[in-house]
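If you want the building blocks of each chain, they are given just below.
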Amino acid sequence: PGIYVCAKCGHELFSSRAKYEHSSPWPAFTETLHEDSVSKRKERPGALKVSCGKCGNGLGHEFLNDGPKRGQSRF
């Protein structure tokens, strides 16, 4: 339990309350902790490239409509 932060700068990204089990080997979250936790840019249909909102460190992707509930995204 707790807050997940950027490994590079310590900026708060996700809460363990938004974490869920997914078949991916990476942690999966349904939402960011704050509005400015991450920055996003479109990479391909259905996927956004996600970076730390403070330092720009690469964090992976947001997969649209791939969360645990209909209409949710997966980070």
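Everything discussed here concerns the structure shown above.
None of the values given here were measured: they were computed from a predicted structure.

## A short note on the side chain of arginine 74
Following the sequence through the fold, arginine 74 ends up in the segment after strand E7 (58–63). The class of arginine 74 is buried, set by a relative accessible area of 11%. Within the structure, arginine 74 has its side chain in polar contact with the side chain of histidine 22 (distance 3.2 Å). Only 2.7 Å separates the side chain of arginine 74 from the side chain of aspartate 66, close enough to count as a polar contact. Not counting residues within four places of it along the chain, the set of residues in contact with arginine 74 comprises Tyr20, His22, Ser24, Ala28, Phe29, His61, Glu62, Phe63, Asp66 and Gly67.

## Some words on the side chain of serine 73
Structurally, serine 73 can be placed in the segment after E7. At 3.0 Å, the side chain of serine 73 forms a polar contact with the side chain of glutamate 62. What serine 73 contacts, discounting residues up to four positions off in sequence, is Phe29, Thr30, Glu62, Phe63, Leu64, Asn65, Asp66 and Gly67.

## Things to note about the nonpolar core
Core analysis: the largest hydrophobic core is formed by 8 residues, namely Cys6, Leu13, Phe14, Phe29, Val38, Val50, Cys52 and Phe75. Those elements that provide at least two residues to this core are strand E2 (12–15) and strand E6 (47–52). Apart from the residues lying within four places of it in its own chain, the contact partners of phenylalanine 75 are Phe14, Pro27, Ala28, Phe29, Thr30, Glu31, Thr32, Val38, Lys40, Val50, His61 and Glu62.

## Observations regarding the pattern of salt bridges
Under the criterion given, the structure shown has 3 salt bridges. Note that lysine 40 is salt-bridged to glutamate 62, the shortest N-O span being 2.8 Å. Highlighted residues: lysine 40 in strand E5 (residues 38–44) and glutamate 62 in strand E7, separated in sequence by 22 residues. Across the pair arginine 44 and glutamate 43 runs a salt bridge, and its minimum N-O distance is 3.2 Å. Classification of arginine 44 by relative accessible area gives partly exposed; the value is 38%. Since its relative accessible area comes to 36%, glutamate 43 is described here as partly exposed.

Rules used throughout
Residues numbered from 1 in each chain as written. Predicted model: local features only at pLDDT ≥ 70, side-chain atom pairs only at ≥ 80, totals over all residues. Heavy atoms only, no water. Helix = DSSP H or I, 4+ residues; strand = E, 2+ residues; numbered from the N terminus. Buried < 20%, exposed > 50% of the residue type's maximum accessible area, 1.4 Å probe, protein only. Polar contact = N/O pair within 3.5 Å; in protein donor to acceptor, adjacent residues only side chain to side chain. Contact = heavy atoms within 4.5 Å. Core = buried A, V, L, I, M, F, W, Y, C linked by side-chain atoms within 4.5 Å. Salt bridge = Lys/Arg side-chain N within 4 Å of Asp/Glu carboxyl O.

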